[in-house]
Amino acid sequence: MSRELRQRFDVLVVGGGPAGMAAAARAAESGVRVGIVDDNASLGGQIWRGESQGHQGKDGARWSERVLATRVTTLCGMRIFDQPEPGVLLAEGTNDLFELSYKHLILAIGARERFLPFPGWTLPNVMGAGGLQAMVKCGLPVRGKRVVVAGSGPLLLAVAAYLRKHGAEIPMICEQASWSSLARFGVSLFARPEKLRQALQLRKELSGIPFAANSWTMTAHGRKSVENVTVSLNGKTETIPCDYLACGFHLVPNIELPLLLGCQVQAGFVRVDDFQETTVSGVYCAGEPTGIGGVELSLLEGQIAGLAAAGCTTEAKQLFGEREKARSFAHLLERTFRLRGELRSLPSVDTIICRCEDISHSRLRAHTSWRAAKLHTRCGMGPCQGRVCGPATQFFFGWDPDSIRPPIFPARVENLAALSGRPESQHGQTTGGLA
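Residues numbered from 1 in each chain as written. Predicted model: local features only at pLDDT ≥ 70, side-chain atom pairs only at ≥ 80, totals over all residues. Heavy atoms only, no water.

Caption draft 1: The arrangement of the overall build of the chain in detail. Looking only at helices and strands, the chain has 14 helices and 21 strands in total. Since a compact globule built from 435 residues should have a radius of gyration of about 22 Å, the 22 Å found for the chain is in line with a globular shape. A total of 435 residues make up the chain; the buried ones form 54% of that total. Residue pairs in contact within the chain that sit at least 24 positions apart in sequence constitute 66% of those at least 6 positions apart. Here the chain has roughly 19,400 Å² of accessible surface; of this, 51% comes from carbon and sulfur atoms. Of the charged side chains in the chain, 48 are positive and 40 negative, and the gap between their average positions amounts to 4 Å. (Helix = DSSP H or I, 4+ residues; strand = E, 2+ residues; numbered from the N terminus. Rg over C-alpha atoms; globule rule 2.2 N^0.38 Å. Buried < 20%, exposed > 50% of the residue type's maximum accessible area, 1.4 Å probe, protein only. Contact = heavy atoms within 4.5 Å. Areas by Shrake-Rupley, 256 points an atom, 1.4 Å probe, with all protein chains shown as cover. Lys, Arg positive; Asp, Glu negative; His and termini not counted. Charge placed at Lys NZ, Arg CZ, Asp CG, Glu CD.)

See the structure below:
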C-alpha cells in the first residue's frame, strides 16, 4: 500500500532536463527552498541522459554540480498525475504517494517525438529516433546493426551520429524537408557561430552516410521484426534492408500539465510573459513547452524562470537579450522542418493510428473531432493517454484536444482511491484522462 508523504517548497520545479536544472539551480542560489521532481531515475532529461553524472566539462555535469551545491531537494522516479487544489500537486513514486505544496511552480516538462503512422510502423524494432538513442544509452547493443534514420528535424542527425559512434551502420538518413529549406537553414548558421560549429562537427561525424532530403518512409516490412523499409527518395521509391528503423517527425511539447493547471496555450505552446510566467499567477514555464528551441534556449528560459520565481527579477532581465537571440533560432527550426502535406497520405486505411486501443485510420476518418473519435472508438484512452496518437491525429485530421482531466498519467487505483476523501478540485472529477 502507498504511503502518503508531504513536502513543501518555495519553488517547485517539474522536469529534470536542462530547463528544469537551470531553473532549480538559479532559484536555490537566490536563497529559497527548492524541489525538483522528475519521472526518470536521475536528472538530465533525454538530452543529458548519462552525461550529468561523471562527465566533467559537459554542460550537463556543470548544471548537475550547481543543483547539488545548492542542496535542491531532488525527487526522481516520481510522476505528477493530479492537482487536487491550487498550490498542490500529487506525484506517484514506486511505492509512495507524494503531496507537493509550493508557493511558485516552474514547469520544465520538455517535449516528445512526433510519430506519423505508416504501414508497418508497429513492427518490432521500428522505434522513435530519440527512443532508440535512449535505449542504446541504457545498454542496447547496436554494433553491426543496420539502422535507417528517417523523419524530420536536427534530432535525426544527432541520433545518427550517436548510433554510428556506438558501432551501428547507417545505410540512409531520410529528411522530409526540402533541399531549398535546408540550404536556407545552412546559410543562416553563418550568423550563429556556435550552431555552425555544431553543424560542421555533425557533418564530420556523419561523413560517408547517404543523406536524402525530400524523402520519407512509406512502408516497413518484416515477419517477426522490421527487415527492410520502403522510402520515397525525392520522388523515387527505394527499399533498404535494415535491422532497425529510427523514425521521428520533430518534436511536440508536453502541455498536458499546463492545461490541467489552466495555463493558456497558443499555437500549441504554453503562453508566457517576459519572465516566463504563464497566465496562471505564480506558475512559470520554461523550455520546449514554450517553443522547440534546443538546449541553449531551454537553459536561458529556465534561468529566467528560476530567478523570477525567487523574486530576482533584475537578474532575470539581464538574460532577456540572449534569450531573444536563441528564440530566433527556434523560429528558424519551425520554418525549416515544417511538415509537408504529402505526409498526410502516409497511412493506409488499415494502418493502426492508436496503438493502445488498436484503432485504424479508416475508423478515425469517419469522425469530425478528437472528442467524437474518443467517444466512439476510445482513441487516446489507453495507457499513453493520447500522447502518441494525439499529435498524429492533429496532423492528419486537424483535431485538437478540447479538454483535459486528471490523472494525466495512468496512476495506481489505490492512489486514485485516496483522492476520494478530498474536496472536489477546481477542475472537477479526478478520473477520466485526456478528453
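After presenting the structure, the write-up continues.
Caption draft 2: Summary view of helix α10 (residues 320-336). In a regular helix each residue adds 1.5 Å, so 17 residues correspond to 24 Å; α10 covers 25 Å between its end C-alpha atoms and thus fits that length. Of the positions making up α10, those classed as buried are F320, R323, A326, F329, A330, L332, L333 and T336. Where α10 is buried, its residues meet α5 (179-188), α6 (193-205), α8 (294-309) and α9 (313-317). (Expected span 1.5 Å × (residues − 1).)

Caption draft 3: Region of the structure containing the nonpolar core. Ranked by internal contacts, the top residues of the largest apolar core, which has 37 residues, are V11, V13, V34, W63, V72 and I106. Secondary structure elements with two or more residues in this core: β1 (3-14), α1 (18-29), β2 (34-38), α2 (59-69), α8 and α10. Among the nonpolar cores identified, the runner-up in size contains 36 residues, and V126, V148, C174 and I240 belong to it. (Core = buried A, V, L, I, M, F, W, Y, C linked by side-chain atoms within 4.5 Å.)

Caption draft 4: A look at the side chain of E288. Summarising the element assignment, E288 is placed in the loop between β19 (283-285) and α8. Comment: no salt bridge for buried E288; closest opposite-charge side chain is K195, at 9.7 Å. Apart from the residues within four sequence positions on either side, E288 is in contact with G110, A111, L251, P253, F269, G293, G294 and S298. (Salt bridge = Lys/Arg side-chain N within 4 Å of Asp/Glu carboxyl O.)

Caption draft 5: How the structure looks around the pattern of salt bridges. In this structure the tally under the stated criterion is 18 salt bridges. Salt-bridge contacts for R26 lead to E315; the nearest nitrogen and oxygen are separated by 3.5 Å. Taken as a pair, R26 in helix α1 and E315 in helix α9 lie far apart in primary sequence, 289 residues in all. With a relative accessible area of 15%, R26 lands in the buried category.

Caption draft 6: Spatial organisation of the environment of R26. Sequence separation between R26 and G306 is 280 residues, and the spatial gap between their C-alpha atoms is 5.4 Å. When near neighbours in sequence (up to four residues on either side) are disregarded, R26 contacts W63, R66, Q303, L307, E315 and L319. Within polar-contact distance, the side chain of R26 engages the side chain of Q303 at 2.7 Å. (Polar contact = N/O pair within 3.5 Å; in protein donor to acceptor, adjacent residues only side chain to side chain.)

Caption draft 7: Fine view of the packing of aromatic side chains. Applying the stated rule across the entire model yields seven aromatic pairs. Ring centres 5.3 Å apart and planes at 65 degrees place the aromatic pair F275 and F320 in the edge-to-face group. Here F320 lies in helix α10 and F275 lies in the loop between β18 (269-270) and β19, a separation of 45 residues in the sequence. Centre to centre, the rings of F395 and F396 are 5.8 Å apart; their planes meet at 55 degrees, and the pair counts as tilted. Across the pair, F396 and F395 agree in class, each one buried. Of the aromatic side chains, those joined through ring pairs into one cluster are F395, F396, F397 and W399. If you follow R323 out to its NZ or CZ, it ends over the ring of F320, 4.6 Å from the centre. Here the basic side chain of R344 rests over the ring of F395, its NZ or CZ set 4.3 Å away from the ring centre. (Phe/Tyr/Trp six-rings, centres within 6.5 Å; stacked < 30°, edge-to-face > 60°. Lys NZ or Arg CZ within 6 Å of the ring centre and 35° of its normal.)

Caption draft 8: Region of the structure containing the sheet that holds strand β14 (residues 236-241). Within the open sheet, the three strands sit side by side as β12-β13-β14. Their pairing is antiparallel. The open sheet terminates on both sides in strands that have one partner only, identified here as β12 (215-221) and β14. In this sheet, neighbouring strand axes are inclined to one another by 25 degrees on average, regardless of whether the strands run parallel or antiparallel. (Pairing = 2+ DSSP bridges. Axes fitted to C-alpha atoms, helices over the stretch in contact; angles between N-to-C directions.)

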